[in-house]
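Coordinates in review
One letter stands for each residue in the lines below.
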Amino acid sequence: RKKLSGAEYRKRKAIKEANLKKQAGALKKFLRRDYKIKNLKSRACLEDEEATVAPKVVAPGEGECRSDSEESSSSCGNDNVSSRTASAASPSPTPIPCIISSDAVLWPCSITDNIRQIIVEQGPNQVKDLNFPQHGGRWFPVSSYMWRLRNSEEVHREWLVYSVSKNSVFCFCCKLCSTCDSLLIPEGYANWKHIHTALRQHEMSTNHLDAYKSWIELCHRLRFNKTIDSSHQRILQAETRHWNDVLQRLLAVSTYLGKTIQNEFISLSSSKLTHKAKYYSIICDCTRDISYIEQMTMINRFVKCEACQQVKIHEHFLGFIPVTDSPGFGLTEVILDQLKEMGLQLKDMGQGYDNGSNMKGKYAGVQKQILEKNPRALFVLCSSHSLNLVVSDAAVCSRHVVFFFSLLQEIYVFFSSSSYRWAVLKEHVSNFTVKPLSTTRWESRVDAVHPIMYQLGEVYDDVLSIANDTSKDLMTRHEAVAGKMLDFQFLCTLAIWHKVLNQVNIANKLLQSPDFDLPATIKVLDDAVTFLSDEGFQSVIEEAKQLAQVIGMPPELKQTSQIRPRHKKKQFDYEAEDEPIQDPELDYKVNCFYSILDTAHTSVSERFQQLHEVCQSFHFLYDISGLNNLSATVGVELLKKCKDLQVYLSHGNNADIDALELFDEL
Ligand SMILES: [Zn+2]
């Protein structure tokens, strides 16, 4: 590197210094010393505040200026909101070191965004301990800060503020965010005689609801943005995620761990109840563990509603409870004890169980026992489980169907019981292999039907080639199976069940999705049952004919041997002859197709009757968006439905809702 000459060096230094001089103080441009905010007093105000601690008023600049700040601060002597400096908490780029009175009357007359932020940060101040002055012979009722619902739940009206200087009440959020006039905004409300009605009316008004929403949103935004430690929060969240992942992995491998560790896991994962939701539902199911002790799983389900957040359904696993007495009475006792232990009220409960008779039983089942104590603990069955039972009912409804499923099982046993046969099958059938049937898992029926339906040709060829393999003994060849498969009725039943199970499979998947509601459930169930009709029979026959072509057999229904009724001597002429149906197609249609339809219909209507009842009472609530442009007649009808619902949800002196309030809200 070449060394600079002295003159050159000095020249460069001068340029450098000149540049530095030019930029001097540039940083200070970002740090403003002068907090000159329109309509607000200067920093002196703050210094006064700090000395006196009492909140002081920021005098508005123009119009009806209020100079009574001294008076206000003296009358707010027992103000229980500690005055805070807004500069410490304000998220605005220019911190405003001012305090605005908690008395709504004394707010500046034009509220800018900055002032609104400060007021929101300070929050509403509800004066309670004060010798309220009289007005019209009455005093301000402090109880109006709370609103008691029909179901004895108390709701805090955090938006209601009392102005000491004017002896009247204001709506905090409307005064802050709403532009329209309401009784509670310009002058405040002081008619203590009618205050409850006025407040009810106000809090139902759209303007108030909008203002309330903007207030809450602003609160959240401030808390979210400003919280200085948002980066800390991110770190914390990452940490939580990490440990959740660790826990999940541990749980995944826990099946390989010893029983003590497993039990410890279970007891640790059973959660302590921390939710504050009033209403909840319990889901219980019993199963026997390996040491033959009946264990009841208990799950608590509730809805979490928070302002400005999505409504969420939560389920908490409460643990396994050993049960010694499994009939309904014993179980009810166990459940009630458990609820008491957790401090949950029976009157706020709903129930959901599976189809076990000790649970759903009409006379001695748990649901009945609990309903006797609280008729509002509505019981809803597990729909997927019920659907499974509908399939099981239909699977034993006719001799054709029984024959069909037993043949499916026989085909599975045929291949699986010999490794030679299994090897032959594996060689030709690549996609699905045959599956066994299970009586408890209805999905096993789908698994068993699919391979045969889609690979009938391949499976049949294998059965045939094994039967014709003369190098094997007759036991191995088991020729009977091939003969049984050559049956057109078997193919028809295969086509029917393929359709039925597909439909049920769709319904079942839908039923398990979390955002599914009652009316949708009922619709899916109806669709699942009614999709097979008279015309459906022809399409089934067509499909079966194609299958018959695949395995090269004549597509005709044969008269199967059936049990003939004994010929009795008739005493009277009006007793018709009880003759079996001669036409094979009609016989199949009546005894198999219709039989499946009938069984499914009866089974669904019987098993889902309770669901229909519950749905009928709540149905109108699922279409709230349709209530927008309400005609008079629809209004009357809606009011009637609300009233019906109130009756439905009442027991003794307790009621969960108030029909008129619900109607107003809708
Ligand atoms: Zn309001």
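Residues numbered from 1 in each chain as written. Predicted model: local features only at pLDDT ≥ 70, side-chain atom pairs only at ≥ 80, totals over all residues. Heavy atoms only, no water.

Looking up the protein chain in an unreviewed UniProt entry gives the name DUF4371 domain-containing protein, with the organism given as Latimeria chalumnae.

1. Examining the coordination of the zinc ion
The zinc ion binds to the protein through Cys-171 (SG), Cys-174 (SG), His-202 (NE2) and His-208 (ND1), with metal-donor distances spanning 1.9 to 2.1 Å. Viewed at the metal, the four donor atoms of the zinc ion are separated by angles of 101 to 116°, and the geometry they form is tetrahedral. In primary sequence terms, the donor set of the zinc ion follows C-x2-C-x27-H-x5-H. Taken together, the positions of Cys-174 in helix α6 (residues 172-177) and His-202 in helix α7 (residues 195-204) put the pair 28 residues apart, joining distant regions of the chain. (Donors = N, O, S within 2.8 Å, 3.2 Å for Na, K, Ca; no water. Tetrahedral: all angles 85-135°; square planar, octahedral: opposite > 155°, others 65-115°. Helix = DSSP H or I, 4+ residues; strand = E, 2+ residues; numbered from the N terminus.)

2. Considering helix α24 (residues 584-607)
With 24 residues, α24 extends 33 Å between its outermost C-alpha atoms, agreeing within 8% with the 34 Å of an ideal straight helix rising 1.5 Å per residue. The largest bend along α24 measures about 35° and falls at Tyr-594. Looking only at α24, the buried set comprises Asp-587, Tyr-588, Lys-589, Cys-592, Phe-593, Ser-595, Ile-596, Leu-597, Ala-600, Ser-603, Val-604 and Arg-607. (Expected span 1.5 Å × (residues − 1). Bend = angle between axes of the 7 residues up to and from the residue. Buried < 20%, exposed > 50% of the residue type's maximum accessible area, 1.4 Å probe, protein only.)

3. Things to note about the pairing of strand β8 (residues 349-353)
On a regular strand, each side chain points to the face opposite its neighbour's, so the side chains alternate between the two faces of the sheet. Of all five residues in β8, five are buried, a share of seventy percent or more. Here β8 shows a buried face lined by Met-349, Gln-351 and Tyr-353 and a second buried face lined by Gly-350 and Gly-352. The pairing of β8 with strand β9 (residues 379-381) spans three bridges and is classified as parallel. Within β9, the position partnered with Gln-351 by the bridge is Phe-379. (Pairing = 2+ DSSP bridges.)

4. Observations concerning the nonpolar core
Ranked by internal contacts, the top residues of the largest apolar core, which has 77 residues, are Ile-411, Phe-415, Ile-452, Met-485, Leu-491 and Trp-497. Counting contributing residues per domain, this core is built from domain 3 (388-562 + 580-607) and domain 4 (612-665), each supplying no fewer than three. If we ignore the near neighbours within four places in the chain, the residues touching Ile-411 are Val-434, Ile-452, Val-459, Val-481, Met-485 and Phe-490. If you look at the next biggest cluster of nonpolar residues, it comprises 35 residues, including Val-161, Phe-172, Trp-192 and Leu-199. (Core = buried A, V, L, I, M, F, W, Y, C linked by side-chain atoms within 4.5 Å. Domains from an automatic or database assignment. Contact = heavy atoms within 4.5 Å.)

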